[in-house]
There are 2 protein chains.
Amino acid sequence: MSRYEKTCLIRGDGGRAIRGILDRVGDKWSLLVVATLDGASLRFTELQQRIPGISQRMLTRTVRHLERDGLVTRTVFAEVPPRVEYELTAMGRTLIGPAVALAEWAVDNNPGIEESQASYDAEHP
Amino acid sequence: MSRYEKTCLIRGDGGRAIRGILDRVGDKWSLLVVATLDGASLRFTELQQRIPGISQRMLTRTVRHLERDGLVTRTVFAEVPPRVEYELTAMGRTLIGPAVALAEWAVDNNPGIEESQASYDAEHP
DNA sequence: CAGTATCCGTCCGGATACTG
DNA sequence: CAGTATCCGGACGGATACTG
């Protein structure tokens, strides 16, 4: 596939593909939840403990969205006290690859970006 | 690098890396602008014409952010009428790869996601 | 042509309190 | 334990009008 065909994947259909995925996992917590569930089946509280700073409300919302999109399964055990386990689906696991690629890019380029921001801010008072 | 080390790239530092990149290009238009500038030097109006639906204001804001982050160069020609050309920087071009990977994932999995959403919505009235 | 300026509605996300 | 309910501030993004 040529370079042009590749960027067409982004621009295709007026950017619908990118827009769709960013609407799904472009928010503050989704990719973090997915990465945290990689290879592990975790309960609500465990998930919350492993994701510093996330509130109960936002964790609930995030896992609900991920469940609706078919990226995460939510299993309720009929016990007292209640137990709920979250796990990645097969589709959810396939997201890890692209997400890691993006994270690698972020880590590699953060220094350059911050440098650019600093000089931009210096020149634009 | 092991799978675990990979997801650490996402979760590392409390998710700072992912958070940083999504704050940068996780908005509605940034990746679309980057993809549109791939391999082309374009003027403001050309850019706007190739990105259906973007307003003058949002295009201005988006290219300014990308310029500040060092992903795009903005070249002003001292002419009348004014001419401004936008181009990807070397760093900007390196973003295309990971972005395309994400777009590919989006295209491949959109059917599955929409199916999951439909059945979720059916079961949760 | 390539922007700025202004207004404005909506959604996101945090804080807090309450519950099956 | 695993949520829900409510309130709130702020950022995002669209529409419109104006300008060097």
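Basis of the calculations
- Residues numbered from 1 in each chain as written.
- Chains lettered and ligands numbered in written order.
- Predicted model: local features only at pLDDT ≥ 70, side-chain atom pairs only at ≥ 80, totals over all residues.
- Heavy atoms only, no water.
- Pairing = 2+ DSSP bridges.
- Helix = DSSP H or I, 4+ residues; strand = E, 2+ residues; numbered from the N terminus.
- Near = heavy atom within 4 Å.
- Polar contact = N/O pair within 3.5 Å; in protein donor to acceptor, adjacent residues only side chain to side chain.
- Core = buried A, V, L, I, M, F, W, Y, C linked by side-chain atoms within 4.5 Å.
- Buried < 20%, exposed > 50% of the residue type's maximum accessible area, 1.4 Å probe, protein only.
- Contact = heavy atoms within 4.5 Å.
- Salt bridge = Lys/Arg side-chain N within 4 Å of Asp/Glu carboxyl O.

Under an unreviewed UniProt entry, the name given to chain A is Helix-turn-helix domain-containing protein, and the organism recorded is Nocardioides conyzicola.

Draft legend 1. Here's a closer look at the sheet that holds strand β2 (residues 72-77) of chain A. Sheet architecture is open: three strands sit in the order β1-β3-β2 (chain A), paired in antiparallel fashion. Only two strands of the sheet have a single neighbouring strand rather than two, namely β1 (42-43) and β2 of chain A.

Draft legend 2. Examining the protein's contact with DNA strand D more closely. Every one of the 19 residues lining DNA strand D counts as a neighbour, but Thr45, Arg74 and Tyr86 of chain A together with Lys28 and Arg57 of chain B are closest to it. Looking at DNA strand D alone, sugar and phosphate atoms form 57% of those within 4 Å of the protein. Between a phosphate oxygen of DNA strand D and a side-chain N or O atom of Thr45 of chain A, the distance comes to 2.5 Å. The side chain of Lys28 of chain B places a nitrogen or oxygen atom 2.5 Å from a phosphate oxygen of DNA strand D. For the surface near DNA strand D, the secondary-structure elements that each account for two or more residues are α3 (44-50), α4 (56-68) and β3 (83-88) of chain A together with α4 (56-68) of chain B.

Draft legend 3. Fine view of the pairing of strand β2 (residues 72-77) of chain B. All names here are of chain B. Inspection of the sheet shows β2 paired to strand β3 (residues 83-88) by six bridges, in the antiparallel sense. Following the sheet pairing, Val72 is matched in β3 by Leu88. In this structure, the hairpin formed by β2 and β3 is closed by a connection of five residues.

Draft legend 4. Quick peek at the nonpolar core. In this structure, Leu47 of chain A together with Leu47 of chain B are the most contacted members of the largest nonpolar core, which totals 74 residues. Beyond its immediate chain neighbours, meaning those up to four positions away, Leu47 of chain B contacts Val33, Thr36, Leu37, Leu42, Leu59, Val63 and Tyr86 of chain B.

Draft legend 5. Region of the structure containing the pattern of salt bridges. Under the criterion given, the structure shown has nine salt bridges over all chains. Ionic pairing is found between Arg3 of chain A and Asp38 of chain B, a salt bridge with its closest N-O pair at 2.9 Å. One end of the pair, Arg3 of chain A, is in helix α1 (residues 3-25); the other, Asp38 of chain B, is in the loop between α2 (30-36) and β1 (42-43), on a second chain. In this structure, Arg83 of chain B engages Glu85 of chain B in a salt bridge whose closest nitrogen and oxygen atoms are separated by 3.0 Å. As far as the burial class goes, Arg83 of chain B and Glu85 of chain B line up, both buried. Members of the salt-bridge network, linked through shared partners, are Glu79, Arg83 and Glu85 of chain A.

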